[in-house]
Amino acid sequence: ERPRADAAYAIGVDTSTGRGSDFTVATIIDLASTAIVAVFRAKMESPRVGLQLHYLGKWYNTAKVAVERQGGYGDALIYALRDGDDMRPAYSNLYRHTKFTSGNRPISDDYGHPMGPNSRGTVLDQLKVMLRGMVFPWMPSTHMDELGTFVYASTTPSPRAQDGCNDDCVMSFALAAEMYRQFGDQPQKRRRQSKAKYSPPPTRSFD
């Protein structure tokens, strides 16, 4: 789906080295409709992925780009987007993680989304809730295929791809769903905002 001028978007990115069997996958979500509007899936090194994601994000109205950075795989891509190069400026809308477990919810100095045991479970749970709620208008075939082989295992990390399969699309999808949770135009958010903005009418005194 081509970008709409009045729409906001986010991109969840699961990274790889560009070698082996893994792919780098970017899933672009409409933050109002929850539609998956585009998918980028490729085997290439981080500087070339950074170039593609920079202009993909700019095309989708400078979308919020959340790069998975567990294990250091996403760092090179984050640097490529954050710093730019001689031919391309820095990307201006990179995600920085909010620590929701802290009282004042501080924003991390580090760019990207961590994917440790706790945060991984959080984003996968969010994807599960949205899938069960059938909120996605349609599903890319690559994502459907990987969801069918994404299973619980007796060792960590779990759930994960079955042996011989990939879960890059699933993890990218989960990050996109997490961006919707944080930044999406959700009905419950609108209700809370409406209540917060309500103020009673001024009282009148009668002499």
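Residues numbered from 1 in each chain as written. Predicted model: local features only at pLDDT ≥ 70, side-chain atom pairs only at ≥ 80, totals over all residues. Heavy atoms only, no water.

Got a sec to walk through the overall build of the chain? Specific residues and values, please.
Within the chain, the regular secondary structure consists of six helices and eight strands. Taken from N to C terminus, the helices and strands of the chain fall in the order β-β-β-α-β-α-β-β-α-α-β-β-α-α. Buried residues in the chain amount to 45% of all 207 residues. Taking all contacts inside the chain whose residues are at least 6 apart in sequence as the whole, residues at least 24 apart take part in 58%. (Helix = DSSP H or I, 4+ residues; strand = E, 2+ residues; numbered from the N terminus. Buried < 20%, exposed > 50% of the residue type's maximum accessible area, 1.4 Å probe, protein only. Contact = heavy atoms within 4.5 Å.)

Give a description of the pairing of strand 4 (residues 64-67) that names residues and reports values.
Side-chain alternation along strand 4 places Lys 64 and Ala 66 on one buried face and Val 65 and Val 67 on a second face that is also buried. The pairing of strand 1 (residues 9-14) with strand 4 spans four bridges and is parallel. Residue pairing in the sheet places Gly 12 in a bridge with Ala 66 of strand 4. (Pairing = 2+ DSSP bridges.)

Run through unusual backbone geometry, naming residues and quoting values.
Here the residue pair Thr 156 and Pro 157 is connected by a cis peptide bond, since its omega of -5° sits within 30 degrees of zero. By secondary structure assignment, the location of Pro 157 is in the loop between strand 7 (150-151) and strand 8 (160-161). A positive phi angle is found at Asn 61, which is not glycine, with a value near 60°. Mapped onto the elements of the fold, Asn 61 is located in the loop between helix 1 (46-59) and strand 4. According to the relative accessible area criterion, Asn 61 is partly exposed, its value standing at 32%. Positioned with a positive phi, Thr 62 is a non-glycine residue whose angle comes to about 55°.

These figures capture arrangement, not role.
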